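Chain by chain, the residues run as shown.
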Amino acid sequence: MILAYVVIAAVVIGYLRGGRLRRYEKRPLRWVALPLLAFLIEAMYDRLAQLFGVSTNSILPYAVSLQYALLLLFCAVNIRRRGMALVLGGTALNLLVISMNGFRMPVSESIRQMPQLAQLVERIDSGALAEYVICGRGAPLWFLGDVMQLPFLPNGLASVGDLLLGAGVFWLVTDIMMGDSWFRRPRHRKSQ
């Protein structure tokens, strides 16, 4: 969800600075189907488990590994694009912490003290969101998990990897829209 806000902010700022999304056609990203497939896999953890007749917990290591392999491959084939190194770094950090915690993203225990997130806590505790686990500082690499509350998103927690991903996606989108004109002053129409 955080990435959706980042993309919207990048597009708005890009337009305000005179950029245009149509510039994407001149130099499109390669293999864009990979992240789309990765997000589809994430959205279908439960359905994949049903398809293979196993529990969601059993399929998580395979589904998460495939999902992140697709994302890392996408980053690798587009690594020369501005911002993509940050996207790659954020993706790698998230994969690292997830793989060290049973293929689940660790979420800070402080989430239990946030009344606005009570439904999220209930879904994690019940196993409805099997890709997350609430844990304390004893969890491996806990500090790389979803432990930072974002002040501008009261219902959101983020990881260091998420912040790197956000910065990289912002840079990438604005670069697509602005090209080499990113550091130039925005064009203003002359009044007549």
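Residues numbered from 1 in each chain as written. Predicted model: local features only at pLDDT ≥ 70, side-chain atom pairs only at ≥ 80, totals over all residues. Heavy atoms only, no water.

Visitor: In this structure, what is going on with the overall build of the chain? I would like to understand it.
Guide: Scanning the chain for helices and strands turns up seven helices and four strands. Dimensions of the chain along its principal axes, counting C-alpha atoms only, are 65 × 35 × 25 Å. For the chain, with 192 residues in total, the buried portion stands at 39%. Long-range contacts, defined as pairs at least 24 residues apart, comprise 69% of the intrachain contacts of the chain with a sequence gap of at least 6. Just so you have it, the chain exposes about 11,800 Å², and 62% of that area is on carbon and sulfur atoms. Taken together, the 20 basic and 11 acidic charged side chains of the chain have centroids lying 19 Å from each other. (Helix = DSSP H or I, 4+ residues; strand = E, 2+ residues; numbered from the N terminus. Buried < 20%, exposed > 50% of the residue type's maximum accessible area, 1.4 Å probe, protein only. Contact = heavy atoms within 4.5 Å. Areas by Shrake-Rupley, 256 points an atom, 1.4 Å probe, with all protein chains shown as cover. Lys, Arg positive; Asp, Glu negative; His and termini not counted. Charge placed at Lys NZ, Arg CZ, Asp CG, Glu CD.)

Visitor: Just checking my understanding: could you explain a nonpolar patch on the surface for this structure?
Guide: Where nonpolar side chains cluster on the molecular surface, the patch consists of Ile-8, Val-12 and Leu-16 and spans about 320 Å² of accessible area. By the element assignment, Val-12 lies in helix H1 (residues 2-16). (Patch = residues over 30% accessible without salt bridge, like charges linked within 9 Å, V, L, I, M, F, W, Y side chains within 5 Å. Salt bridge = Lys/Arg side-chain N within 4 Å of Asp/Glu carboxyl O.)

Visitor: What am I meant to see in the side chain of Asp-175 here?
Guide: Tracing the backbone shows Asp-175 in helix H7 (residues 160-178). Look at Asp-175 and you get buried, because its relative accessible area is 7%. A distance of 2.8 Å separates the side chain of Asp-175 from the side chain of Arg-82, its partner in a polar contact. (Polar contact = N/O pair within 3.5 Å; in protein donor to acceptor, adjacent residues only side chain to side chain.)

Visitor: Sorry, what's going on with unusual backbone geometry here?
Guide: Excluding glycine, residues mostly have negative phi values, and the peptide bonds linking residues are mostly trans. The backbone of Trp-31 sits at a positive phi, close to 55°, despite the residue not being glycine. Mapping Trp-31 onto the fold places it in the loop between H1 and helix H2 (33-43). Here Phe-103, not a glycine, exhibits a phi torsion of approximately 60°, which is positive. Relative to the helices and strands, Phe-103 is located in the loop between helix H5 (84-99) and strand E1 (105-108).

Visitor: Honestly, the environment of Met-148 in this entry has me stumped. Any pointers?
Guide: Tracing the backbone through its elements, the reader meets Met-148 in strand E3 (residues 148-149). Sequence separation between Met-148 and Leu-96 is 52 residues; the distance between their C-alpha atoms is 17 Å.

Visitor: Hey, could you run me through the confidence of the model for the chain in this one?
Guide: Any residue range with low pLDDT should be treated as having predicted coordinates unsuitable for detailed reading. A residue-level look at the chain finds 92% of positions with pLDDT of 70 or above and a mean pLDDT of 91. When pLDDT is averaged over each helix and strand of the chain, the minimum, 89, is found for E3 and the maximum, 98, for H5. (pLDDT = per-residue confidence, 0-100.)

Visitor: How should the environment of Leu-172 be read in this particular structure?
Guide: Along the polypeptide, Leu-172 turns up in helix H7. If we ignore the near neighbours within four places in the chain, the residues touching Leu-172 are Leu-29, Arg-81, Arg-82, Gly-83 and Met-84.

Visitor: Just to check I follow, could you spell out helix H4 (residues 56-77) for this structure?
Guide: In an α-helix, one turn spans 3.6 residues; hence positions three or four apart end up facing the same way. For H4, with 22 residues, the first-to-last C-alpha span of 31 Å sits near the 32 Å given by 1.5 Å per residue. Maximal helix bending in H4 amounts to about 30°, located at Tyr-62. Its buried side turned inward, H4 meets H2, helix H3 (45-52) and H5. (Expected span 1.5 Å × (residues − 1). Bend = angle between axes of the 7 residues up to and from the residue.)

Visitor: It is not clear to me how the side chain of Asp-162 should be interpreted in this structure. Could you clarify?
Guide: Examined against the element boundaries, Asp-162 turns out to sit in helix H7. One buried charged residue, Asp-162, remains without a salt bridge, the closest side chain of opposite sign being Arg-123 at 16 Å. In this structure the side chain of Asp-162 is engaged in a polar contact, spanning 3.0 Å, whose partner is the side chain of Asn-94. Contact partners of Asp-162, with chain neighbours within four places excluded, come to Asn-94, Asp-146 and Leu-157.

Visitor: I tried to follow the pattern of salt bridges on my own but got confused; where do I start?
Guide: It is possible for side chains of opposite charge to pair when their charged atoms get near one another. All told, the structure shown has two salt bridges when counted by the stated rule. Two residues, Asp-175 and Arg-82, come together in a salt bridge whose shortest N-O distance is 2.8 Å. With a gap of 93 residues between them, Asp-175 in helix H7 and Arg-82 in the loop between H4 and H5 connect regions that are remote in the sequence. Its salt-bridge partner being Asp-125, residue Arg-112 comes within 2.8 Å of it at the nearest N-O pair. With a gap of 13 residues between them, Arg-112 in the loop between E1 and helix H6 (118-126) and Asp-125 in helix H6 connect regions that are remote in the sequence. You can call Arg-112 partly exposed: its relative accessible area is 44%.

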